[in-house]
Each structure stands twice: as structure tokens, then as C-alpha cells.
Amino acid sequence: MPEITYLEAIREGLIEEMERDVNVFCLGEDIGRYGGAFKVTDGLLDRFGEQRVIDSPISETGIVGAAAGAAHMGMRPVVEMQFIDFIANAYDMLTNYVATARYRAFLPCPMVVRGPSGGYVRGGPFHSQNPEAGFVHTPGLKVVYPSTAQDAKGLIKAAIRDDDCVLFFEHKYLYRRVKAEMPAGDHVVPIGKARIAREGRDLSIITYAATVWKALDAAEQIEREDGLSVEVLDLRSLAPLDDDAIQETVRKTNRVLIVHEDTRTGGLAGEITARINERSFAWLDAPVLRVTAHDVPLPYAPSLEDYVLPQTTDIVRALRTLAAY
Amino acid sequence: MPAAKRGEGRGERGQRRRPAPASIAAAPAVASPVPGLSREQLLDLYYWMRLTRTLEERLVALYRQTKVVGGLFRSLGQEADSVGSAYALERRDILSPLIRNLGSMLVKGATPLEILRQYMAKADSPTRGRELNIHFGDTDRGFIGQISPLGDMVPVMAGVTLSFKMRREDRVGLVYVGDGATSTGAFHEGINFAAVQRCPLVVIVENNGYAYSTPTNRQTAARQFVDKALGYGVPGESADGNDVLAVCDVTKRAVDRARRGQGVTLIELTTYRRKGHAEHDNQSYVPPGEIERWERENDPITRYHDRLTSELGFAAAEIDATDDRVRRVVDEATDEAERSGAPEALDALVGVYADPAVQPPLWFREGAAGVVDVHERPEGWGTYSAPASDTV
């Protein structure tokens, strides 16, 4: 089987689920005739028709709300945010309406909100964000953020089949940069399970999305130059977090670095650190360290963006600090 | 119970509950002074309005006894707009009520017992104590639970009716918003989306004069809310919201258009909120005499009562009997509701997700086996002596 990109893997997952279940439909801005700003939904309109691939007005609240209503009635909508930054426009609908629907009203809300996320692409403040933390904080929502093409396909399929609302973050830097051969058959990756991206003995990196690749680069460099073995845990699911996988790597290497592209304060690294502190404090040989973005809106100029976002060299330096503790 | 409703099959679940009215279309037009509505249905409309008011009056009493644990929201003076509009729907249609649409929910089959249990936060209330007041729904009976942020139900109902269209189901949706909610982005996005998609949706703007303390002239510069229909490219109609027959009629026309595939209609119903936003609100912002004038001159139940007896040929005794029936229903429901207990605390952790179905209790709660409690340690813990540390 030929290799396909992360972006094509998402499309393949969408197509397979739409073919499997007539209740699955796509809704979003410019997703039909144009195929989406990044062409994730390219070809879906011709394949499934206007009834199931709906070009919507510019209305993030409107389409997320409409998806919820349709989901109550048994449909399984997949909503595209043209850029995930615009999910802020639907924050009320997602957190107040969708997230509470099952708990307060026993209303099923099986829907997916997906969209291109993240930086390293010179997108500036409104086309580069990683707004996952606010939604991870909201009971009632699930959040996934794949780093590989295989997980992109397996998780979009799992998200569509899940009986609750799943936010599916896609990293736009990875869209066409990572490729893989897809496993044969019905490839579904369970939500809530992390993946060991690289086995190691001396140090652990816990990360997700684009920084998985930077962590792997840093791990190789550390092994080559320092002779230390670094484990990389790719979380894949952010809500629910795979707590057992986190504790396992902590107890294995006793030295942990958490890396994310999101800003620092209130980011997921804080939550993961707290969980390690509660469950595996006695296994730590060093304080848990974080490499994250700086707490600023993401600037446009390459010199600025590169400074603000975590880079491989930052991870290497943090690993050495951790090893020397 | 209204005679016309008896014996109508609603499935096993529905039969224990008060049935919703038969469709207007199915009503015999003979021997009735109002076209399209039978004599029984005319009395039904009165029944539902009276039930709404009596039930709310009972809730006030329970509120003052502190048995209603949260706020209490009245629809005093607005019963006609809720009842008349909901009555225009078929049983299979779905509406989304707002906080002053108790009447709509009763018409759709919500029971006084459910309402009372809900307000008193009982374990066997429709939301098992999770939500307040009339915030609950049942898609089988055709009403969807609202949330507090205003305008949000418009996009949701756009989606509900989009699903009707996609599945070619002969069903219509009705969403209520107040004058205040028309100022929200969600209202705009929802009605615009539904209009573009030609969803079978009726949007009712209940203009009751105030959004909490804010009068309509601080809410919009539009001359009237129905004018907004033009901007969305949908038909707009307005009616006297305190005339139950006019409300029913205008809603029925919009429902018929939706059923014919002609999309959205925006209806403005003019009414008046005679109580405060909630029971605690002293309405100090209302000009003196205004409330009293509406009560004296434009009470929807008094108006309909007079019309039934003077114009439509009903005997006062018939209506009195309806009032008695309502009192009995509310008394019985109150007694039963008061017998119910509070929810078990641990039920708070159930049902956030389908999977996992239950959240674990936190370790610091008694009886919960906690991670810190168990003092997990690696072997040899506390014996390790660390080398000099680098700067962190």
C-alpha cells in the first residue's frame, strides 16, 4: 500500500466513515465546492453530494449549534473550523451547550469538530493557535490531537464513532510533511490511549502533536551526543488523558520533560505535572520540567515565531538539565 | 384531563403522562365557532393556559416555603403565546422552549409533577437534580431542554430541523426567543443558517417588553422585531401574543409553510411580562401603573375566558369545571412531588460521557481509595542521595 500524508489520512478516514454510516455528514465553511482551505475535504462533495457535504455561512456558533441539534436527532456531523483559532467563536456553544447536553438533559451529542491547528507555518496570531487547553478543561468534551498519519486516520474514525463530542485537532505543519502507509482494514485508534513513539530508559518526554517530531529529533541527538536513552510518549488523546501511560514512563525513567507547543501558563503540562506529583512523586529523581511556547500571542515574523515556539534545541537543553539534576 | 386527548396512543412511556393535544389539522371543523378548532380544542387552550398559571402560583407558594431551592421564573400574562403557538404543532414536531414557555412544554406533554419535582430538585425529577426549573427536554414528546445563554437554541433547532430535511421527515421545529435574545450572535447565526438551508423552522420572538430590566428600546433600534425577517430573507408575521387564537393561527400558517418546504418564518408576538425576571426581582425599573394596566386590560386568560363565554358559546360552569380540574391536577402533583427525595450525591458523577459512564470520586472524599492515601513508594525510596543539581 502506498504512503499517504497526514492530510490524506484524515480525508480517507472521513470517506470511510461516510461510506459506512449514512448519518455522517460534513459541515463547514468552503468545504464543499472548494474542498476546504487546506483541501482536507477535497472531492467529498462530488462523492457524497450537497446533502452530506454542506457549505455553510461564516458562522462558527451557528454550525456547531446546528451540528448539536442534528446529533440529538441521530445524525453524526463532522464540523470543520477553517482554522481552529475560530473555534473561540463557538466556545459558548461547545462549553455551555454541547459539553453539558448529555449530563443535564440526557441528549446524545455525537459530533466531531475538527480543524487545522498549530504554528511553525508563519500564520501569525489567528492562524497558528493551539486552543486545546480550554476544552480539555471542560467536562463533557473529548480532545484528540494526532501526530502521525496513521493516528490521524485512526482517531478521526474513532472520533466519528464516539457517542460524545470529540474535538479533533489537526496540525497544519504536519498536513503534508508526515506520511505513512495505512494499516489494512478498519483502522480505528482508541481515544484515551497514548503511544510510545520511542522507547527509552534514562529520560522521558511527554508530548503530543507537532512537538512529537521535535522530541524525537532531540532524543536522537541526546542519544548520539550524550549516550542517554530517551523515551517519547505521544499522548494522542488529551481528554481523557492516558494517566497510566504517563505514570508508567515516569516510573521507568524517573526524569520527565513535558513538551507542548501551546503557551505555558494554564497549558496541559501543568495538569500532567500535577498528576505525576500526585501519583508518582516518590519515583522522581528530578523535578518535572516543561518546554512550552512563551506566554505571548504567536507573532508572524520567522525570527519572532521561532523564538516563541519550542524548538528541538530547547528540548535538547532541557533534557541535559534534567539528566544533570 | 381534556376530553379530546383521552385514549390517544402515545406508546408505553407516554401513556403515563398527560397527552399533548391532537393536531389542529385533524380536528373536525364542524360545530365549532372557530375554523380549524373543535369545541374541545377551544376548551383545551383554556385548560393549558389555566394549568400554566395555577402551576406557577403553586410554585410561588413552594418557593416561599423554600422548597423550590433555586430561582423561580414566571410567565404570568404570557400564557397565551406559549400555549397558542405550541398547540399549532403536530405531535411529531419539536419545539425548544425558553424560561417563560412552561405552557408550551405542558402542551407538548411535560407534566405538572415533572415541573414540581424539577423545581424542588428531586431525585426523580426529569434531570435527576442536575438542572433547574423548566430546563429539561424529551425528544420523544417533542421538546428540547434549553440552556441559559440566550439565543443558543436557535442554531440547535436549525440543526434539529436540518436533520428533518436531510431525512425527508415530515416534521417541523419551533424555537422561542425573547426580545433580548435577538441581540445575540447565536440568534443571528442560527436563523441565518436555517434560512439559507431552508430548514422547516418557525422562530418566535416573544416581545414581552423587558429583558431582565432592559426595555426593548435599549435592546434594538429596529421599529419592531418582525422587521428583522426582511434581513434574513424569510417571511415575517406578527400577532397579538395575548390572544391565544391569533397566536395559534399565525403559528399554524408558519408551520404549514415549513411543512411545505418553504423554510423559516419569523413571528413576533407582543405580550407583557407582569412579573420580574425571576421571583426575586422587584421590578423597580418598571414605570408606575404599567403592570397594573396590563393586568386590568390585557390579561390573556381573562380575555379568552370572556371570549369563550360571550362569543363562543361556552357556559361559565364549563369553564369553572376546567378550573376545578386544574386545581385537582396541581394538588395531586404537589402531594406526589413532595414525597420524593433528594438525589444521591454520587449520582453527580454519572453521565458526563457515554464512555466512561462514571467519573471516579476524588481521593479526599471519604470512602474513596486515593492515590495519596495508599502511599505508593518505589523500592528503596528515601535512601537515594542526589548529586549536586544544575540550575532548573
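Residues numbered from 1 in each chain as written. Chains lettered and ligands numbered in written order. Predicted model: local features only at pLDDT ≥ 70, side-chain atom pairs only at ≥ 80, totals over all residues.

Visitor: Now, about the domain arrangement of chain A: what can you tell me, with residues and values included?
Guide: All names here are of chain A. According to the domain assignment, chain A consists of domain 1 (3–181) and domain 2 (195–324). Listed per partner, the contact involves 25 residues of domain 1 and 21 residues of domain 2. Put simply, the parts of the chain that give the side of domain 1 that touches domain 2 at least two residues each are α5 (132–136), β6 (142–144), α6 (149–161) and β7 (166–171). The class makeup of the residues in the side of domain 1 that touches domain 2 is 13 nonpolar, eight polar and four charged. (Domains from an automatic or database assignment. Contact = placed C-beta atoms within 7 Å. Helix = DSSP H or I, 4+ residues; strand = E, 2+ residues; numbered from the N terminus. Nonpolar A, V, L, I, M, F, W, Y, C, P; charged D, E, K, R; others polar.)

Visitor: Quick rundown of the sheet that holds strand β2 (residues 173–178) of chain B? Include the residues and the values.
Guide: Residue and element names in this part refer to chain B. The parallel open sheet is built from five strands, whose spatial order is β1-β2-β3-β7-β6. Here the strands that pair on one side only, and so sit at the sheet edges, are β1 (94–96) and β6 (236–240). Recorded for the sheet is a direction-independent mean angle of 20° between the axes of neighbouring strands. The pairing of strand β3 (residues 201–207) with strand β7 (residues 265–270) spans six bridges and is parallel. Opposite E206, over in β7, you have L269 as the bridge partner. (Pairing = 2+ DSSP bridges. Axes fitted to C-alpha atoms, helices over the stretch in contact; angles between N-to-C directions.)

Visitor: So what's going on with the interface of chain B and chain A? Which residues, and what values?
Guide: The parts lose accessible area when they come together, and the size of an interface is often stated as this lost area. Each side of the interface is counted separately: chain B has 41 residues, and chain A has 39 residues. Looking at the side of chain B that touches chain A, the elements that each hand over two or more residues are α6 (153–166) and α7 (185–196) of chain B. For the side of chain B that touches chain A, the per-class residue count stands at 22 nonpolar, 11 polar and eight charged.

Visitor: Describe the sheet that holds strand β13 (residues 256–263) of chain A, listing the residues and the values that go with them.
Guide: Residue and element names in this part refer to chain A. Overall, mixed pairing links the five strands, which are arranged β9-β11-β10-β13-β14 in an open sheet. Each edge of the sheet is formed by a strand with only one pairing partner; in this case those strands are β9 (195–198) and β14 (289–293). Ignoring which end each strand starts from, the neighbouring axes of this sheet average 25° apart. Both strand β10 (residues 203–207) and β13 contribute to a ladder of four bridges, which runs parallel. Bridging from a neighbouring strand, I205 pairs with L257 of β13. Running at roughly 170° to strand β11 (residues 230–234), helix α7 (residues 211–226) makes contact with β9, β10, β11 and β13 of the sheet.

Visitor: Go over the packing of helix α3 (residues 60–72) of chain A against α6 of chain B with me, naming the residues and quoting the values.
Guide: Direction vectors running N to C along α3 of chain A and α6 of chain B enclose 50°, while the axes themselves pass 6 Å from each other. Comparing the axis directions of α3 of chain A and α6 of chain B gives the class oblique. Along this stretch, α3 of chain A crosses α6 of chain B, giving a crossing that reads as right-handed. Within the contact between the two elements, α3 of chain A uses T61, G62, G65, A66, A67, A68, G69, A70 and H72 of chain A and α6 of chain B uses P155, V156, M157, A158, G159, V160, L162 and S163 of chain B. Taken together, the residues of the contact of α3 of chain A with α6 of chain B break down into 10 nonpolar, seven polar and no charged. (Parallel < 35°, antiparallel > 145°, perpendicular 65-115°, else oblique. Left-handed = near helix turned anticlockwise from the far one by under 90°.)

Visitor: Please set out the pairing of β3 of chain B residue by residue, giving values where relevant.
Guide: Residues and elements named next belong to chain B. Counting buried residues along β3, seven of its seven residues qualify, which places the element largely inside the surrounding structure. Alternating residues of β3 divide into L201, V203, V205 and N207 and V202, I204 and E206, and every residue in both groups is buried. In this sheet, β3 lies alongside β2 in parallel orientation, the contact comprising six bridges. Bridged to G178 within β3 is E206. Handedness of the β-α-β unit built from β2, α7 and β3 comes out right-handed. (Buried ≥ 20, exposed ≤ 12 C-beta atoms within 10 Å, placed from the backbone. Right-handed = clockwise from strand over helix to strand, strands pointing away.)

Visitor: Can you tell me about α7 of chain A, naming the residues and giving the values?
Guide: Residues and elements named next belong to chain A. End to end, α7 covers 21 Å across 16 residues, agreeing with the expected 22 Å (1.5 Å per residue, within 8%). Those residues of α7 that sit buried are T211, V212, W213, K214, A215, L216, A218, A219 and I222. Among the structural elements, β9, β10, β11, β13 and α11 (312–324) are those in contact with the buried residues of α7. G227 lies just past α7 and shows a positive phi near 70°. (Expected span 1.5 Å × (residues − 1).)

Visitor: Describe in detail the packing of α7 of chain A against α11 of chain A, supporting the description with residues and values.
Guide: All names here are of chain A. The geometry of α7 relative to α11 is characterised by a closest axis approach of 9 Å and an angle of 50° between their N-to-C directions. Comparing the axis directions of α7 and α11 gives the class oblique. The element α7 and its partner α11 pack so that their crossing is right-handed. Contacts between α7 and α11 involve K214, A215, D217, A218, Q221, I222 and D226 from the former and T312, I315, V316, L319, R320 and A323 from the latter. Its residues placed into classes, the contact of α7 with α11 shows seven nonpolar, two polar and four charged.

Visitor: Let's hear about the environment of L7 of chain A: which residues, and what values?
Guide: Structurally, L7 of chain A is set in helix α1 (residues 6–20). Contacts of L7 of chain A, omitting those with residues within four sequence positions, involve F38, V40, Y175 and R176 of chain A.

Visitor: Kindly report on the confidence of the model for chain B, identifying the contributing residues and their values.
Guide: Residue and element names in this part refer to chain B. Mean pLDDT over chain B stands at 90; residues scoring 70 or higher make up 87%. Below pLDDT 50 for its whole length, residues 1–22 participates in 38 contacts with residues either more than four positions away or in separate chains. This complex was scored by the predictor with a pTM of 0.92 and an ipTM of 0.95. (pLDDT = per-residue confidence, 0-100.)

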